[in-house]
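A closer look at the structure
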Amino acid sequence: MRMKRRQVLGLLGAASLGPVMAPAVANPGYDVQPWAPKQAVPVGDLVDLEGQHWSLPDLRGRVVLLNFWAGWCEPCRAEMPALQTLAARESQRMVVLAINLKESFDAIARFVQSTGLMLPVVRDVQGDIAKAWGIRIYPSTVLIDTEGQVRSIVRGALDWAGPEGDRLWQPLLQPQRARKR
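Residues numbered from 1 in each chain as written. Predicted model: local features only at pLDDT ≥ 70, side-chain atom pairs only at ≥ 80, totals over all residues. Heavy atoms only, no water.

**Regarding the confidence of the model for the protein chain**
Rule in force here: What pLDDT reports is the predictor's confidence in each residue, on a scale of 0 through 100. A contact between two residues is defined here by any heavy atoms of the two lying within 4.5 Å.
Predicted confidence across the protein chain gives a mean pLDDT of 86, with 82% of residues reaching 70 or more. In the model, residues 1–25 has pLDDT below 50 throughout and makes two contacts with residues more than four positions away in sequence or in other chains.

Structural data, given as structure tokens:
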């Protein structure tokens, strides 16, 4: 069988991309940064759009996900339905707070209304909350265990309601002492 020049060039081009494309396939689109045990945990009262106050010490006994997002961030918008699903499914064991970066109340309200988002949304008006947590990549999600200990920050989007999300948050249900054994 005789191949045409265009077919040969196409095959050579695809073959040359193999090594370049392999890391993209292997990379899940997010990375997990452990929280240093002695690193200070930002303390503060978070107030959502409904006026409800959220305090990390008050949430002990439940896993807490602090999801930092912005409406201009496509991966942030893409992962919101999975966060919503997870929060609804695990409402007895988990709290998900969506912390919006520097957008107006009206812009956030339009987003919430258009998507049907039911998560508590906290406005980070000046970006101070994100700065305190060291957030520079959006979306980023801080994972806090049932004892109130920060375990890690996930940078990038993922399916929080699926198996990869479960692998990240379910270990946070176990007491820290049990994890060390």
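So, next bit.
**Observations regarding the nonpolar core**
The condition is simple: The term nonpolar core refers to a set of buried residues drawn from Ala, Val, Leu, Ile, Met, Phe, Trp, Tyr and Cys, joined through side-chain atoms within 4.5 Å. Residue burial is assigned from relative accessible area. The probe radius is 1.4 Å, only protein chains are included, and a residue is buried under 20% of its type maximum, exposed over 50%, and partly exposed in between. The way it works is that DSSP assigns letters per residue, a run of H or I at least four long becomes a helix, a run of E at least two long becomes a strand, and they are numbered from the N terminus.
The biggest cluster of nonpolar side chains holds 50 residues, and the ones touching the most others in it are Leu65, Leu66, Phe68, Trp133, Val142 and Trp160. Here this core takes seven residues from strand S5 (residues 94–101), the largest share from any one element. With residues up to four places along the chain from it excluded, the contact list for Phe68 reads Cys76, Ile99, Ile129, Ala130, Trp133, Ile135, Tyr138, Pro139, Ser140 and Val142.

**Notes on the pattern of salt bridges**
The condition that has to hold: In what follows, salt bridge is the name for a side-chain nitrogen of Lys or Arg lying within 4 Å of a carboxyl oxygen of Asp or Glu.
Taken as a whole and assessed by the stated rule, the structure comprises six salt bridges. Put simply, Arg155 and Asp31 hold a salt bridge, and the shortest N to O gap is 2.6 Å. With Arg155 in strand S8 (residues 150–156) and Asp31 in strand S1 (residues 30–34), this residue pair connects regions lying 124 residues apart in the sequence. Owing to a relative accessible area of 31%, Arg155 belongs among the partly exposed residues under this scheme. Here Asp31 falls in the partly exposed class, since its relative accessible area comes to 27%. Between Asp145 and Arg151 there is a salt bridge, with its nearest N and O atoms 3.0 Å apart.

**Thoughts on the side chain of Ser140**
Put simply, the rule reads: Under the rule applied, a polar contact is a pair of N or O atoms within 3.5 Å (in protein, one hydrogen donor and one hydrogen acceptor; residues adjacent in sequence only if both atoms are side-chain atoms).
Positionally, Ser140 belongs in strand S7 (residues 140–144). A distance of 2.5 Å separates the side chain of Ser140 from the backbone oxygen of Ile137, its partner in a polar contact. Sequence-distant contacts of Ser140, defined by excluding residues within four places in its chain, comprise Leu66, Asn67, Phe68, Ile135, Ile153, Val154 and Arg155.

**Here's the deal with the layout of surface pockets**
For clarity, the cut-off: Definitions used for this entry: grid spacing 1 Å over protein atoms alone; cavity, a set of points where a 1.4 Å probe fits but cannot get out; pocket, an open set with protein on both sides within 12 Å along at least 5 of 7 lines; lining residue, one with an atom within 4 Å of a point. Grid points are joined across faces, edges and corners, and a volume is the space filled by probe spheres set on the points. All residues other than Ala, Val, Leu, Ile, Met, Phe, Trp, Tyr, Cys, Pro, Asp, Glu, Lys and Arg, Gly among them, are scored as polar; the first ten of these are nonpolar and the last four charged.
Estimates place the volume of the largest pocket at around 290 Å³. Lining of the largest pocket is provided by 16 residues; of these, Val41, Pro42, Val43, Gly44 and Leu56 occupy positions nearest its centre. Of all the elements, helix H4 (residues 128–133) adds the most residues to the lining of the largest pocket, at three residues. Taken together, the residues that form the lining of the largest pocket break down as ten nonpolar, four polar and two charged.

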